[in-house]
Amino acid sequence: MKINDVILHSVTKVAVFIILTLAVYLFFSGHHNPGGGFIGGLILSSAFVLLFLTFDVETVKTAVPVDFKTVAAVGAFTAVATGLGSLFFGQPFLSQAFGYFGLPILGETELATVTLFESGIALVVVGVVVTIILSIGEDV
Amino acid sequence: METVITILSGVLVSISTYMILSRSVIRIILGISIFSHGVHLLLLTMGGLKTGSVPLLGRGAESFTDALPQALILTSIVISFAVTALLLVLAYRVYQELGTDNVYDLRGFKDDL
Amino acid sequence: MIYNLIVIPVILPIIAAIISIFLRRFIKTQRWIAFGVMIINTGISIYILQLIQREGILRIDFGGWEPPFGILYVADSFSMLLVLTTSIVTAICLLFAFSSIGEHREKMFFYPLVSFLVAGVNASFLTGDLFNLYVNFEIMLLASYVLITLGGTKVQLRESIKYVVINVVSSFLLLLSIAYLYGTVGTLNMAHISERIAEAGQTPLLTVISIFFLFVFSLKAGLLLYFWLPGSYSAPPAAVAALFGALLTKVGIYALFRVFTLIFYHDSAITHTLIGIMAALTLIGGSIGAVAYKDVRQIVSYNVIIAVGFILVGLAVGTPEAIEGSIYYLIHDMIVKALLFLIAGIMVVVSGTARIDEMSGLIRNYPLLGWVFFIAMLSLAGIPPLSGFIGKVLVGQGAVETGAYILLALAFLSSIFVLYSLLRVFLNSFWGETIITVEDEMPMKKGWIIPSVILMIGTIGLGLGPEFIAVYVSDAANTLLNPETYINAVMTD
């Protein structure tokens, strides 16, 4: 039976963008303000969950053709690789660096290697959460 | 305030103990997640609650809250999240394969290999 | 000096696991990646052991945060010996898994999970931070939760739900104990905790907290609180069961040794006596279990419990000889328990049943298997010159010195029970009329028997040549008995 829930569909189409924006905002506000990779990733995956709820799993899968297990693996690899990166500079494992750069539009910006690590975390969270939701949801 | 929170976490732990000792797998899982909340609250209390300031670094800070318990709790929440998800999937699979969510029916190892 | 080398035994398996997830379809590549990493880890562990001999205890502060503020890994001889044994045993179990685990399990990320398990085990051995120990326990346990259910047969699901529930609850109890300890001493760095307790004295409150830790780690190690263990260790396939039997309880034992020699060693009249009582009860319970069952996997699992009791007798006694004996026995037990689980797995597959009264005359069909089992049995019973002997002698010597005659009697009576329970398996299933005809006989795969033979050579080698590791073992026992060495290595630059 197909339920025609127009309201949910139209709200989701708008809400997903708001959620994604919030996720990105929280992700970048990390390591000085509340936020960071884990929270950002969790909100990002909540956007996916909302999509899975509103449209069916197959539709979303054709629209976003990625294997979320691979996403988690890519994230884990990024996180470990940034930790290992410090080894090449003779620093202890998981050392971090940051610097201030004058960028064209953003002005003076702080760029930190933590952000790379955090992006790995965010990917892991998205991959794992969506995989869990899908594996519970798929065979009901 | 610390006393109240400690009592609260004690209440949570006792509720969860009651639930973990029940027969239904779902109740056990809920009990475990309540248990984790109790433990997290206790961890927060152990660092000292509300010293009148936020956890903040900076050399001139007069007072600050211990930031370590919060980091520990965040880590622990992530772990309990993963474990609860895994337990739910497992309970669902057990229900599918064995047709029961009663732990009393999950006893024994005589019947098959 | 920065010793980034110490993180390699943890990071390498993690990277191998991630790469193997990408290569999901290429099972052969995954096999050799996992196996290769274990071999490299073996080499690195040996190198680090040598380095410790030269330069003392090594450490690495993550991100350059100096102790007691940051997380750190500390490598002393005790932890590196265990990392070394873990790498060797895992490599051999993987070799066994190649031909026994089955393609559908291999496709469901078997090799990445084993790598994660090893990463968690190694990290637990290496960490110098109490909360990090909890996290590493969780990494190891999460991998083990999935490994025990992998394949999803009915028995596995039924046993795994108990295993997962009991381990999750005990993990939160560990967190609870850590919270109490943090509230009392205000630090999580193990060396720093030890220093503070040594300064302020081990108050009754701290002793109570130490008993919390004792119970939590006992749950993990199977010391007295072992009721979950036999069922869940006999459910998964042989390669996984061998890994569990060899590694998981040993991490709990390691944690007990570390906590009760480094942190809570002041009030040994209470804590170490309690450990002694628990070890004695474990020996009795394990012995009864080992002779009570007819399922070969149950018998082997109860043998794991007896070994846990025996190793903890060494800690309870606490003399240098006894601790040394415990370390020897720990290493010996990791090798022989893996061997025993592998043989039990082969027996179940070739005879089609797990009950020893339904098997008979296997030695006619598979002579080599029978003799490997015989050697493993003698080694576990502590017959010289096999590897169980030296551990038993040293622990016994320590017990005599301190006058712990009850523990001594129980420890050696348990050896007789081990011998009896395994001899019963041997007489019932290997001796007697053969029930497998030549036509029905399943050919013994090379991939099954070679790992068992390698492990057998390992136990003979360890028994004949303990002087190769004697330097490291005595150094490990030294560090355990003199916490200042550890504290100095961590707290000074």
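Residues numbered from 1 in each chain as written. Chains lettered and ligands numbered in written order. Predicted model: local features only at pLDDT ≥ 70, side-chain atom pairs only at ≥ 80, totals over all residues. Heavy atoms only, no water.

A few points about the overall build of chain A
In step 1: A tally of regular secondary structure across chain A gives five helices and two strands.
In step 2: Written out in order from the N terminus, the α and β elements of chain A read α-α-α-α-β-β-α.
In step 3: Principal axes of the C-alpha set define a box for chain A whose edges measure 60 × 35 × 25 Å.
In step 4: Looking at chain A as shown, the accessible area adds up to about 8500 Å², and 74% of this sits on carbon and sulfur atoms.
In step 5: Each charge class in chain A was averaged separately, 4 positive and 9 negative side chains, and the resulting centres sit 12 Å apart. (Helix = DSSP H or I, 4+ residues; strand = E, 2+ residues; numbered from the N terminus. Areas by Shrake-Rupley, 256 points an atom, 1.4 Å probe, with all protein chains shown as cover. Lys, Arg positive; Asp, Glu negative; His and termini not counted. Charge placed at Lys NZ, Arg CZ, Asp CG, Glu CD.)

Topic: the packing of helix 7 (residues 154–185) of chain C against helix 9 (residues 204–221) of chain C
All names here are of chain C.
In step 1: For the pair helix 7 and helix 9, interaxial distance at closest approach is 9 Å and the crossing angle is 160°. Compared by their axis directions, helix 7 and helix 9 come out roughly antiparallel. Seen along the crossing, helix 7 lies across helix 9 with a hand that is left-handed. (Axes fitted to C-alpha atoms, helices over the stretch in contact; angles between N-to-C directions. Parallel < 35°, antiparallel > 145°, perpendicular 65-115°, else oblique. Left-handed = near helix turned anticlockwise from the far one by under 90°.)

Overview of helix 4 (residues 68–88) of chain A
Residues and elements named next belong to chain A.
In step 1: In this model helix 4 runs 30 Å from its N-terminal to its C-terminal C-alpha over 21 residues, within 8% of the 30 Å that 1.5 Å per residue would give.
In step 2: Every buried residue belonging to helix 4 is among Phe68, Val71, Ala72, Ala73, Gly75, Ala79, Val80, Gly83, Leu84 and Ser86, and all of these are buried.
In step 3: Positive backbone phi, approximately 75°, marks glycine 90, located one or two places after helix 4. (Expected span 1.5 Å × (residues − 1). Buried < 20%, exposed > 50% of the residue type's maximum accessible area, 1.4 Å probe, protein only.)

Re helix 17 (residues 388–402) of chain C
All names here are of chain C.
In step 1: Spanning 15 residues, helix 17 covers 22 Å between terminal C-alpha atoms, matching the ideal 21 Å at 1.5 Å per step.
In step 2: Each element contacted by the buried residues of helix 17 is listed here: helix 13 (296–317), helix 14 (320–351), helix 16 (367–381) and helix 18 (405–430).
In step 3: One or two positions beyond helix 17, positive phi appears at glycine 403, with a value near 75°. (Contact = heavy atoms within 4.5 Å.)

Observations regarding the interface of chain C and chain B
Accessible area lost on assembly of the parts is the figure often given for the size of an interface.
In step 1: Counting residues at the interface gives 37 residues for chain C and 37 residues for chain B.
In step 2: Carbon and sulfur atoms supply 81% of the area that chain C and chain B bury against each other, a total of about 3300 Å² over both sides.
In step 3: Its largest share of buried area at the contact with chain B, chain C owes to Arg158(C), Phe172(C) and Tyr182(C), together 21% of the area lost on that side.
In step 4: Put simply, chain C and chain B have zero salt bridges between them.
In step 5: Linking chain C with chain B are one residue pair in polar contact (both at pLDDT 80 or more), by the criterion used here.
In step 6: Listing elements by their share of the side of chain C that touches chain B, those giving two or more residues are helix 6 (130–149), helix 7 and helix 13 of chain C. (Buried area = accessible area lost by both parts, 1.4 Å probe. Salt bridge = Lys/Arg side-chain N within 4 Å of Asp/Glu carboxyl O. Polar contact = N/O pair within 3.5 Å; in protein donor to acceptor, adjacent residues only side chain to side chain.)

Topic: the pairing of strand 1 (residues 58–61) of chain C
All names here are of chain C.
In step 1: Burial of strand 1 is two-sided: the residues Leu58 and Ile60 facing one way and the residues Arg59 and Asp61 facing the other way are all buried.
In step 2: The pairing of strand 1 with strand 2 (residues 72–75) spans four bridges and is classified as antiparallel. What sits directly across from leucine 58, in strand 2, is alanine 75. (Pairing = 2+ DSSP bridges.)

Topic: the side chain of Arg297(C)
In step 1: For Arg297(C), the location among the structural elements is in helix 13.
In step 2: Within polar-contact distance, the side chain of Arg297(C) engages the backbone oxygen of Ser234(C) at 3.4 Å.

With respect to the interface of chain C and chain A
In step 1: Contact with chain C, which involves 17 residues of that partner, is made by 15 residues of chain A.
In step 2: Both faces considered, chain C and chain A share a buried interface measuring about 1300 Å² in area, 82% of it formed by carbon and sulfur atoms.
In step 3: Its largest share of buried area at the contact with chain A, chain C owes to Asn4(C), Ile18(C) and Phe22(C), together 32% of the area lost on that side.
In step 4: Here chain C and chain A share zero salt bridges between them.
In step 5: Between the two partners, chain C and chain A, sit three residue pairs in polar contact (both at pLDDT 80 or more).
In step 6: For the side of chain C that touches chain A, the secondary-structure elements that each account for two or more residues are helix 1 (8–22) and strand 1 of chain C.
In step 7: It is helix 1 of chain C that provides the largest number of residues to the side of chain C that touches chain A, a total of seven residues.
In step 8: When its residues are assigned to classes, the side of chain C that touches chain A shows 12 nonpolar, three polar and two charged. (Nonpolar A, V, L, I, M, F, W, Y, C, P; charged D, E, K, R; others polar.)

Nothing here speaks to function; it is geometry throughout.
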